[in-house]
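# Structural description and commentary
Listed below are the residues making up each chain.
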Amino acid sequence: MKSRLLSTSLLSGLLALSGVPALADFSLPPPQTQGGSGIFDALKLRSSASLANFPTNPLSEQEISNLLWAATGLNREGKGWTTPYGRGMAPYNDIYIAIDLGVLRYNWKTHAVEQVSNKDIRGSIALQPGVQKAPVILIWIANGEALSSLDSTQANNFAYIASGAMTQNVYLAAASMGIGARYIVSIKQDVIRKELGLGEKDIPLNIMPLGKK
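Attention here is on the structure that accompanies the text. For every chain, the first residue of the written sequence is number 1, and numbering continues from 1 along that sequence. Side-chain atom pairs in this predicted model are given and counted only at pLDDT of 80 or more, local residue features only at pLDDT of at least 70, and totals for whole chains, interfaces and linings cover all residues. To get the side-chain values, take all heavy atoms of the structure and skip hydrogens and water.

So, about the overall build of the protein chain. A run of DSSP states H or I qualifies as a helix once it reaches four residues; a run of E qualifies as a strand once it reaches two. Both are numbered from the N-terminal end. Summing up its helical and strand segments, the protein chain has 5 helices and 9 strands in all. Going from N to C terminus, the protein chain has its helices and strands arranged as α-β-α-α-β-β-β-β-β-β-α-β-α-β. In this scheme, a residue with accessible area under 20% of its type's maximum is buried, one over 50% is exposed, and one in between is partly exposed, where area comes from a 1.4 Å probe on protein chains only. The buried share among the 213 residues of the protein chain stands at 50%. Approximately 10,200 Å² of the protein chain is accessible, and the part contributed by carbon and sulfur atoms is 52%. Under the convention used here, a 1.4 Å probe and the Shrake-Rupley method define accessible areas, while residue burial counts only the protein chains that appear.

This is the structure we're talking about:
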């Protein structure tokens, strides 16, 4: 059976529940944790897709599930995560998913997504032209509350280091599945803050457009 496309089913189901932003979880398919190409094959294939001809075909729910789990999912039977975090803290970077029908936020605890808005923000969050062509854009946000035990310098360092590890995991998983990806740090922080309704201490870190040929 072909996996459902994210933009035509997952968020549509959420929007059917309510006409206003809601924080009800919508479960993702279980991530595929076996198969695919080996790590060294993925490293050979890892690349940044060109924005000039960025792949524009949508991703399936299964592919999104796999990528989010790779970024910061629970592993080792729920005793750790796929990426390292400073001082053994629980994940302190949030991932938002921007698609044509709105924005979702990933919940690593339940491997689910929750609705944030029904607005398409893909064309307004980056400085580079062409980003809006991507069917899916992942947005990394440092969660100020989760980092509140650290001073501002530590919090900043922890957030950006974790973001690097998370995006590299997505790169490798994307390469293994034949998905185009690009790491972008030239973002419109003020726009992202407003559109996502972020807290004062939350920090937009980077985005990652995704698409298939």
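On to a nonpolar patch on the surface, then. There is a patch of nonpolar side chains on the surface, built from Ile 39, Phe 40 and Leu 43 and spanning about 330 Å² of accessible area. Looking at the secondary structure, you find Phe 40 in helix 2 (residues 39–45). The class for Phe 40 is exposed, based on a relative accessible area of 65%. Each patch is assembled from residues with relative accessible area greater than 30% and no salt bridge, linking like charges that lie within 9 Å and nonpolar side chains (Val, Leu, Ile, Met, Phe, Trp, Tyr) that lie within 5 Å. Any carboxyl oxygen of Asp or Glu that lies within 4 Å of a side-chain nitrogen of Lys or Arg is treated as forming a salt bridge with it.

Inspection of the secondary structure assignment puts Asn 206 in strand 9 (residues 203–211). A relative accessible area of 0% places Asn 206 in the buried class. Here a polar contact is recorded for every N or O atom pair within 3.5 Å, except that within protein the pair must consist of a potential hydrogen donor and a potential acceptor, and residues adjacent in sequence are included only if both atoms are side-chain atoms. Among the polar contacts made by the side chain of Asn 206, one reaches the side chain of Ser 163 at a distance of 2.3 Å. In this structure Asn 206 touches Leu 138, Ile 139, Trp 140, Ser 163, Thr 167, Tyr 183, Ile 184, Val 185 and Ile 187, once residues within four positions along its chain are discounted. Note on contacts: a residue pair is in contact if any heavy atoms of the two residues lie within 4.5 Å.

Ordered in space as 1-6-5-4-7-9-8, the 7 strands form an open sheet in which the pairing is antiparallel. The open sheet has two free edges, formed respectively by strand 1 (25–27) and strand 8 (180–181), since each of these has just one partner strand. Here, a strand pair is defined by DSSP locating no fewer than two bridges between the strands. Relative to strand 6 (residues 112–117), strand 5 (residues 102–107) runs antiparallel, the two being bridged by 5 bridges. Pairing of Arg 105 across the sheet is with Glu 114, part of strand 6. Relative to strand 9, helix 4 (residues 152–177) is tilted by about 5°, and along the sheet it contacts strand 4 (93–99), strand 7 (136–142), strand 8 and strand 9. Fitting a line to C-alpha atoms yields each axis, with helices limited to the stretch in contact; the angle taken between N-to-C directions then spans 0 to 180 degrees. Seen against the sheet, helix 5 (residues 189–196) touches strand 4, strand 5, strand 6, strand 7 and strand 9 and runs at an angle of roughly 85° to strand 9.

To continue, consider the nonpolar core. Side chains of nonpolar character tend, in soluble globular proteins, to be buried together. Each nonpolar core is a collection of buried residues, namely Ala, Val, Leu, Ile, Met, Phe, Trp, Tyr and Cys, held together in the definition by side-chain atoms within 4.5 Å. Core analysis: the largest hydrophobic core is formed by 37 residues, its most contacted members being Leu 68, Ile 97, Leu 138, Trp 140, Leu 147 and Leu 210. When residues of this core are traced back to their parent elements, those giving at least two are helix 3 (61–72), strand 4, strand 5, strand 7, helix 4 and strand 9. Among the elements that take part in this core, helix 4 stands out by supplying 9 residues, more than any other. Among residues more than four places away in sequence, those in contact with Leu 147 are Met 89, Tyr 92, Ala 142, Ala 155, Phe 158 and Ala 159.

Between 30 and 60 degrees the pair is tilted, below 30 it is stacked and above 60 it is edge-to-face, where a pair is any two Phe, Tyr or Trp rings, Trp via its six-membered ring, whose centres lie within 6.5 Å. All told, the structure shown has 4 aromatic pairs when counted by the stated rule. Seen in terms of ring centroids, Trp 81 and Trp 108 are 5.7 Å apart; in terms of plane orientation they differ by 85°. Their pairing is edge-to-face. Separated by 27 residues along the polypeptide, Trp 81 in strand 3 (residues 80–81) and Trp 108 in the loop between strand 5 and strand 6 bring together distant segments of the chain. On the basis of an interplanar angle of 35° and a centroid distance of 6.1 Å, the ring pair of Tyr 92 and Phe 158 is categorised as tilted. Here Phe 158 lies in helix 4 and Tyr 92 lies in the loop between strand 3 and strand 4, a separation of 66 residues in the sequence. Given the relative accessible area of 1%, Tyr 92 is considered buried.

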